[in-house]
Amino acid sequence: MLCQALHRFGHKLVSRRPLEKEVYEFKLGRRLSTLDLVALGVGRTVGVGVYFLANEVAGNQAGPSIVICLLVAGFTSLLAGLCYAEFSARVPHSGSAYLYTYVTVGELWAFITGWNLILSLVADAFIVIQAWTLTFDNLTGNRISETLQENISQHIPQIFAHNLGYFVVVFLLLLTEFQFVAFHGFFRVFEVVTLIKLLVLSFVIISGFMKGDLHNWKLTEEDYIQARLNDTSRLGPLGSGGFVPFGLEGILHGSATCFYAFIGFSIIVTRVKESHNPQHSIPMGIVVSLLICVLVYFGVSAVLTLMVPYYQLQPGSTLPVAFLHIGWAPAYYVVTFAILFSILVNTYWSFMFPIRWVIYMMAEDGLLFPVLARMEIGTYISIVSTVIFIIILAIMVFFFELTDLVDLRSVGTLASYSLVAFCVLIVRYQPERRKKENEEELQEENGRKELEVQEETAPAEKLTLRRLFFPGSPTPTPLSGRIVHVCSSLLALLLILLCLVLAHWPGLLSGDPVSITVVVLLLVVITGITGVIWRQPQSCPPLPFKIPAVPLLPLLSIFLNVCLMMQMSAITWARLGVWMLIGFTIYFSYGILKSLFS
C-alpha cells in the first residue's frame, strides 16, 4: 500500500499537460505581423533598465566594463530566446515558461516555474514604480523628496514620509489600469511609443559618441586625486582604474545585474494565436528583438561611461543626467520627458498584462485557487485584482530596495529560463507523443487485454553500455528518451556543482591544484554525459525553427544562467527561499489535489 501511494504521489508530480488541451487566449482584436511582434519585444525589453540600470552597474560594480557585462547578459538572453523560439514553433499555443515546462517535464516543475514568474513580475512592477519616481524627482531637482522629508515627516511616521512618493505613483498606475480596461486600441499607441523610444535612444547614442571622452575608459589614481577623491586605493571603492576597475568579479556581478535589462522578450510567445504564420513569425520576432536590444543597450552603456567618469555616476541617478554633465540641459529635459511618457505607456504591457495571464493559466489548470481564474471575466473582477496587486506592491515598498528587487527579479527569471532550456533538451530526444484522442480510440478497438498481449510479446529494450553510444535506431525510442532524461538531469546537477565551485572556491584563480583538479574532473564527466546525449536519435518533426547545435547550446544556456544566479547575494537567495516555501505550501496543500492533469 505504501509503495502504491508513493507511486501515485510521484505520478502526480511528473504528470504532463496534454498538448491538445485548449489554452486561454487574450485577444487584441487584430492580427500581428512579424514587425508587430518585434515592436512588442523591443518595447517590452528596452524599458526601465535602459534608464537607470547602466548608472547603477557602472558606478558600483563594473565601471566602463559594463559593456562587457551587457554583452554577456545579452548572449545569455539570446540563448534563452532561441529555446523559447523552438518551443513556440513546437507548441501551437500562446505560451510561457510555465506552459512549456508543463507539457515537457511535469506538474511540479511547471508550478515552480509559474510561481517564479509571478515573483518576477511583481518585482518588476515595483522596479517600474521606483524608476518612474526617481525620474520625476530628478526632473524637479529632488525637491519632491526633500519637501516630503522636511514637511510631511513631522506629522506621519518617517517610513511613510520616505516612501510616500511611491504610493502616489501606485495610485497613478491604478488610474492608468482603469483607463486601459476599455482601451482596445492601445497596441498601436504602444508601437508608436516604442518607435519614439528608439529614436530618443539613438539620439543619446549619437550625441554621446560626439561628446564622449575616451580617457574616461583609461582613468588612473591620478585622475581620482585631481577630482579630490581621497579614499582611493587599488582595492578601494573606486576600483583599480582603467577599463575594468573592479576586475573579473565586478564583471560577473555586473552581468548578473544587467540580465534584468533583457527580460521581456518572452511576452512575444503569448501572442501565438494573433500572429500571421506564428511558427515563423514568433521565433523571428524573438531573435530580432533581442538583437536590437543588445545593440541599444551596448550603445547606451558605452556612451554613458564615455560622457561621465564612472565614479561620478551616483546611485539613484538616471540616464539623462549625463547631458547635464556635458552642459546639454535641453537634451536632459527632452530625454527625461520621453522616459516618463514611455514608462507610463509601458506600464500595462510591462506587468499588468503578463501577471494576469500567468495567474489565470495556473488557476485554470487547478494549481492555484479558482477565484484567481475569474479576474479576466469582467471589469469588476479586473479592477478588484488590480487593487489587490497594488496593495501587495505598497507592502513591498517597506521591505525592498531597488537593487534588491532587480536581483530578485533576475534570479527568478534565470531559474525559469534554465528550465525552458532543460525542456528543449528533453523534448528534442523524445518519441512523438500521440494525441490523446487516438490513444482512446486504439484502446476501444483493441481492448486492454489485447494491448497487454502486444506489450508482452514485443521485444523489450535492454540498456547496455553499447546502446548508450550506438542506439541502433534512427528515431527516438522510449529507452533512448529515458536515457536522455536521466543524463540531462545529471548534467543539470553537475553544471550547478561546477558553477558553485567556480563562484565560491577562492583558490581557483590562485592556481590551487585541488580546485583545478575538481573543475577538470567535473568537465570530463560533463563532456562524457553530453556525448551520450549527442549519440541518441533526435525527433524529426517538420518545424520551421529549431535551435541549432543541440545539446551544446541548451547546456550552454543552462550553464550561463546558473553562473549568473551564483552571483546573487545570500539575502536574495533567502528571499527566494521564503517565496518558494509559500508556493510549496499552496501546491502540496491544494494544487496537487485539484490539478486537472494528475
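Report follows, based on the coordinates. Nothing here was measured: the structure is a model prediction, and the numbers come from that model. (Residues numbered from 1 in each chain as written. Predicted model: local features only at pLDDT ≥ 70, side-chain atom pairs only at ≥ 80, totals over all residues. Heavy atoms only, no water.)

## Considering the overall build of the protein chain
Alright, step 1. A tally of helices and strands in the protein chain yields 22 helices and zero strands.
Alright, step 2. Each of the 598 residues in the protein chain was classed as buried or not, and the buried ones make up 55%.
Alright, step 3. Carbon and sulfur atoms make up 67% of the accessible area of the protein chain, which totals about 27100 Å². (Helix = DSSP H or I, 4+ residues; strand = E, 2+ residues; numbered from the N terminus. Buried < 20%, exposed > 50% of the residue type's maximum accessible area, 1.4 Å probe, protein only. Areas by Shrake-Rupley, 256 points an atom, 1.4 Å probe, with all protein chains shown as cover.)

## Focus: the packing of helix α19 (residues 478-504) against helix α20 (residues 513-535)
Alright, step 1. Across the interface, α19 lies against α20 with an axial gap of 10 Å and an inter-helix angle of 160 degrees. In terms of axis orientation, α19 runs roughly antiparallel to α20. When you trace α19 past α20, the crossing you get is left-handed. The residues of α20 that touch α19, namely those facing Ile 483, Val 484, Cys 487, Ser 488, Leu 490, Leu 491, Leu 494, Leu 495, Leu 497, Leu 498, Val 501 and Leu 502, are Val 518, Val 519, Leu 522, Leu 523, Val 525, Ile 526, Ile 529, Thr 530, Val 532 and Ile 533. (Axes fitted to C-alpha atoms, helices over the stretch in contact; angles between N-to-C directions. Parallel < 35°, antiparallel > 145°, perpendicular 65-115°, else oblique. Left-handed = near helix turned anticlockwise from the far one by under 90°. Contact = heavy atoms within 4.5 Å.)

## Points about the pattern of salt bridges
Alright, step 1. Throughout the structure, instances matching the rule amount to one salt bridge.
Alright, step 2. Two residues, Arg 428 and Glu 86, come together in a salt bridge whose shortest N-O distance is 2.6 Å. Residue Arg 428 is found in the loop between α16 (402-427) and α17 (436-457), and its partner Glu 86 is found in helix α4 (residues 66-90); the two are separated by 342 residues along the sequence. Accessibility assignment for this pair places Arg 428 and Glu 86 in one class, buried. (Salt bridge = Lys/Arg side-chain N within 4 Å of Asp/Glu carboxyl O.)

## Quick word on a nonpolar patch on the surface
Alright, step 1. Among the surface-exposed residues, Val 486, Leu 490, Leu 493, Ile 496, Leu 497 and Leu 500 lie close enough to one another that they form a single nonpolar patch of about 510 Å² accessible area.
Alright, step 2. Relative to the helices and strands, Leu 490 resides in helix α19.
Alright, step 3. A relative accessible area of 41% means that Leu 490 is categorised as partly exposed. (Patch = residues over 30% accessible without salt bridge, like charges linked within 9 Å, V, L, I, M, F, W, Y side chains within 5 Å.)

By themselves, these are just geometric observations and shouldn't be taken as functional.
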